[in-house]
Amino acid sequence: MVVFLVGGESRLMDALITKMEKDGHKTYLLTGKRDGRGKYRRVFERYNFPYDSESVREIFSNVNPDLVIFLGAYDTNYDWSDARRESVRFTADLTNLLSAYAFNPKGRFVYLSSEAVYGRSYMEDIHETEPASAKSFQAMAILQGENICKSYRDTREMDTRILRFDHLYDTPRKGKADNNPCFQMTLEMLKTNQIAANSRNTFSMIYQNDAVEFAYRVMMEEHPKYPLYHITSGEVITQMDLAKLIQQNAGEGVEIRDDTVGEGFRLALDGSRYQQEFDGKIFVPYEEGVKAVVTYMRKYSSSFLQREDTGAGWGNRVVQLLRRIFIMLIPYIENLICFIPFFMINNRAVGSQYFSKLDAYLLYVLLFAIVYGQQQAIFSALLATAGYCFRQMYHQSGLEVLMDYSTYIWMAQLFILGMVVGYMRDQIGHIKKDDEEEIGYLHGQLGDMTEINDSNVRMKQIFELQLVNQKDSLGKIYEITSSLDRYGAYEVLFYAAQMISRLMNTEDVAVYTVANRTYARLFSFTSPTARKLGNSIRYPEMEDMYEDLKEHCVYINKTMDDRYPLMAQAVYAEDEMQIILMLWGLPWDRMNLAESNRLTVISYLIQNAVVRANRYLEALHERRYLENSSILEKDAFTQLVNAFFDAKRNGLTECSLVQVTCGEENYKEAAEILEKKLRQTDYVGLLEGGLYVLLSNADEQNARGVISRFAEEGYESTIVDGEVAAQ
């Protein structure tokens, strides 16, 4: 196969050349620049042309490659320090390459992208179907490159393939910087003997050798299932764990500084699509890859360090200090050296018939005033004065020279002219510097405005989407929440959890009822995750959440603390907290003001249904309970048992029904004694066959514990099937 590589010199380019040559492919190379000074491995033919050259089309036509690989995000020909300008060149170059290669309908064009196209934190590994979220100009240029390849695939039916590498790392070239986490943290270690790490920042990396092997399979596949694949190790590592690996291989004296603050950042690509089709295997784990990078960078540390860095050593810092002093003295040394020929010229011109009127010292002072400014003008004027006096002393004594007023007139004109010209030069320099700073500031402002505009555009798109599908509209929300009205008074809270799950688009919702000022009891839930806080919680001790709920605000877990739900809201009735709604399973980008407002609206609509149910039950209080007791009458208790067991059958709660053995005449006495062994959310009532106790949020194991407590009071009891007993 004829393979055409496009990109600047780098370790990745060398690895691709080695792989292609090893497998017997004929390899060509387009360097992207006219000079041939780059260090590349040997290829069959090398072309030193820029990407925008008109000759690229002719080169492709002559070589007729079966496979073109563009390094894209890893092309070292691009200097991203001025990303705004470079991004334009990047997309223009890629477009020229694709249009030049479009003549070959059977050829393959592979574009190497990176994880940089995702610019925010993600709770889960990022699948290829996840929309990109590029933030920086460099990331947007890389993403634009992907879109250009997709466009050529759709419109010209070109076989373009995109490979996104996940934090690619390898031993760097001497003195060459890289932007992967392993290189950056190792460089920090070399500079300061410290490594700053945040244990909440997580990511995954892949060693270059493994990445090349993975990518090679996609490149050689005749008809891959997809045009886009993530090339990743699939092994997530925290910044703190990476710092520990670097410390282990760095030797003694290296410290780790824990910078664990803020919300954390997670960015790891999902490689399941690739694994299902190609089944790749990682050969270089983190332990070996990090060791190779650290060992290499320590061995050649001088090429990566500046002399002022702490890790560069005391001797190098002294050399750097002397170097600075020498650089500072260079203008003065140059001034002294230039003074010598001007002194000789002046001595020769004094006795000359034609050049006696030429003031060489004046030219000398003007020269340094124009080039270096006022400071050097003064120094050169002092040297010129010394030379002038020395020359005058050939024929006069030193005292006579000092007493001659013409000497001072000459000195005055020399200093005045030199200082004025030097001052003007310095002012022009200050004006240029101020202009450059202002331009830099305006560039920064423009960048901020661009980011703000991008954010506004995203919000506009979100609102447009909401208007289009109408699932988030107030009308739709009211329609769904009003469906609670058709449920019985006992069923409202069970199906409220199910309704919130549907409206908030999450599978994990829990409803807690407030028992008193200390405890809240789990009433219903939609998944095992939603009940992970337990059947009872001391909600005032959950300070971050409680403070927001107390102020009638929605709580948002911005720190992703595992002890709290991701979002929570309280339902009040007559200024008393009655219910706490808790949500899990929300993606990070939906934990925002829009979702908070939606939950607020939902909670107010639920409040109406809950208040209606409570008032209905209060109105029927005398008809629901036996006189002077807390025992529910048969009809009321039957409805309650049916509601609980229907909810249990739908996976919304756990409950158990216990039958107590006692005579009818002892029901009230037994209820008074057994209530002391029950929670506030448990119920005592009558059914066919006697006295029963309904235990909310209690499975059979919990129910056996209650039966044991009843036995201690002298009452025998057994677990019965609630659905059968309530018939």
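Scope of this entry: the structure provided in the associated data block. (Residues numbered from 1 in each chain as written. Predicted model: local features only at pLDDT ≥ 70, side-chain atom pairs only at ≥ 80, totals over all residues. Heavy atoms only, no water.)

Some points on the packing of aromatic side chains
Stated formally: Planes of paired rings set the category: under 30 degrees apart is stacked, over 60 is edge-to-face and the rest tilted, where pairs are Phe, Tyr or Trp rings (Trp by its six-membered ring) whose centres lie within 6.5 Å. Helix numbers and strand numbers start at the N terminus; a helix is a DSSP run of H or I with at least 4 residues, a strand a run of E with at least 2. Note on geometry: a ring has a charge over it if NZ (lysine) or CZ (arginine) is within 6 Å of the ring centre and within 35 degrees of the ring normal.
Enumeration over the complete set of coordinates arrives at 30 aromatic pairs. Ring plane angle 70° and centroid distance 5.1 Å describe the contact between Tyr-78 and Phe-90, whose orientation is recorded as edge-to-face. Highlighted residues: Tyr-78 in the loop between strand S4 (67-70) and helix H3 (83-101) and Phe-90 in helix H3, separated in sequence by 12 residues. Three or more aromatic residues link up through ring pairs in this structure, and these residues are Phe-4, Tyr-28, Phe-44, Tyr-47, Phe-60 and Tyr-101. The ring of Tyr-216 is capped by Lys-19, whose NZ or CZ atom sits 4.7 Å from the centre of that ring.

Concerning the pattern of salt bridges
Where we set the bar: When a carboxyl oxygen of Asp or Glu is within 4 Å of a side-chain nitrogen of Lys or Arg, the pair counts as a salt bridge. Buried, partly exposed and exposed residues are distinguished by accessible area as a fraction of the type maximum, computed with a 1.4 Å probe on protein chains only: under 20%, between the cut-offs, and over 50%, respectively.
In this structure the tally under the stated criterion is 24 salt bridges. The salt bridge partner of Asp-82 is Arg-85, with a shortest N-O separation of 3.5 Å. Residues Glu-595 and Arg-598 are paired through a salt bridge, measuring 2.6 Å at the closest nitrogen-oxygen approach. In this pair, Glu-595 and Arg-598 are both assigned in helix H18 (residues 593-619), three residues apart and thus about one turn of the helix distant. What makes Glu-595 buried here is its relative accessible area of 6%. On the basis of relative accessibility, which here comes to 10%, the residue Arg-598 falls in the buried class.

Describing the pairing of strand S22 (residues 655-660)
What counts, and what does not: One bridge is not enough; two strands pair if DSSP finds at least two bridges between them.
The buried count for S22 comes to five of six residues, which makes it a mostly enclosed element. Judged from the six bridges that link them, S22 and strand S24 (residues 690-696) form a sheet pairing that is antiparallel. Bridge pairing in S24 places Gln-659 opposite Tyr-692. Relative to strand S25 (residues 717-720), S22 runs antiparallel, the two being bridged by four bridges. Note on S25: the bridge partner recorded for Val-660 is Ser-717.

Some thoughts on a negative patch on the surface
Here is the rule we go by: Only residues above 30% relative accessible area that lack a salt bridge enter a patch, with like-charged residues linked at up to 9 Å and the nonpolar side chains Val, Leu, Ile, Met, Phe, Trp and Tyr linked at up to 5 Å. Computed with the Shrake-Rupley method and a 1.4 Å probe, the accessible areas treat only the protein chains shown as cover for residues. Only four residue types enter the tally: Lys and Arg on the positive side, Asp and Glu on the negative side, with His and both chain ends excluded. Where a charge sits is defined by one atom per residue type, namely NZ (Lys), CZ (Arg), CG (Asp) or CD (Glu).
Taken together, the side chains of Asp-434, Asp-435, Glu-436, Glu-437 and Glu-438 make up a negatively charged region of the molecular surface. On the secondary structure map, Asp-434 appears in helix H14 (residues 405-469).

Considering a nonpolar patch on the surface
Taken together, Val-318, Leu-321, Leu-322, Ile-325, Phe-326, Ile-327, Met-328, Leu-329, Ile-330, Ile-333 and Ile-337 make up a surface patch of nonpolar side chains, about 980 Å² in accessible area. Along the chain, Leu-322 falls in helix H10 (residues 314-350). The exposure class assigned to Leu-322 is exposed, which follows from its relative accessible area of 53%.

What about helix H1 (residues 11-22)?
The criterion, for reference: Helix span is expected to be 1.5 Å times the residue number reduced by one.
The terminal C-alpha atoms of H1, which comprises 12 residues, lie 16 Å apart, in line with the 16 Å expected from a rise of 1.5 Å per residue. When we look at burial in H1, the residues that qualify are Leu-12, Met-13, Asp-14, Ala-15, Leu-16, Ile-17, Lys-19 and Met-20. Phi for Gly-24, located one or two positions after H1, is positive at around 85°.

Observations regarding the sheet that holds strand S9 (residues 201-204)
Which entries qualify depends on this criterion: To define axes, lines are fitted to C-alpha atoms, for helices over the stretch in contact only, and angles between the resulting N-to-C directions are given on a 0 to 180 degree scale.
On the basis of which strands lie adjacent, the open sheet formed by three strands has the order S12-S9-S14 and mixed pairing. In the strand order of this sheet, the two ends are held by strand S12 (236-238) and strand S14 (265-267), each with one partner. Strand-to-strand, the axes of this sheet are offset by a mean angle of 20°, without reference to chain direction. With three bridges connecting them, S9 and S12 associate as antiparallel partners. If you follow Thr-202 over to S12, its bridge partner there is Thr-238.

Comments concerning the sheet that holds strand S19 (residues 567-573)
Note the following rule: Any two residues having at least one pair of non-hydrogen atoms within 4.5 Å are treated as being in contact.
Reading across the sheet, the six strands line up as S17-S16-S15-S20-S19-S18 and stay open at both edges, with antiparallel pairing between neighbours. Only two strands of the sheet have a single partner each, and these edge strands are strand S17 (536-538) and strand S18 (555-556). Across five bridges, the pairing between strand S15 (residues 508-514) and strand S16 (residues 519-525) is antiparallel. Paired with Tyr-512 across the bridge in S16 is Leu-522. Where helix H17 (residues 543-550) meets the sheet, it contacts S18, S19 and strand S20 (576-584), and its direction lies at approximately 40° from that of S19.

Description of the packing of helix H5 (residues 181-192) against helix H9 (residues 286-299)
The relative placement of two packed helices comes down to the angle between their axes together with the axis-to-axis distance. Stated formally: Roughly parallel refers to an angle under 35 degrees, roughly antiparallel to one over 145, roughly perpendicular to one between 65 and 115, and oblique to any angle outside these ranges. Each crossing gets its handedness from the near helix: less than a right angle anticlockwise from the far helix is left-handed, clockwise is right-handed. Residues are sorted three ways: Asp, Glu, Lys and Arg are charged, Ala, Val, Leu, Ile, Met, Phe, Trp, Tyr, Cys and Pro are nonpolar, and all the rest, Gly among them, are polar.
Two elements in contact, H5 and H9, have axes separated by 10 Å at closest approach and are oriented at 40°. Considered as vectors, H5 and H9 are oriented oblique to each other. Crossing of H5 against H9: the hand is right-handed. Where H5 abuts H9, its residues Cys-182, Phe-183, Thr-186, Leu-187, Met-189 and Leu-190 lie against Val-290, Val-293, Val-294, Met-297 and Arg-298. Grouping the constituent residues of the contact of H5 with H9 by class yields nine nonpolar, one polar and one charged.

By themselves these figures say nothing about function.
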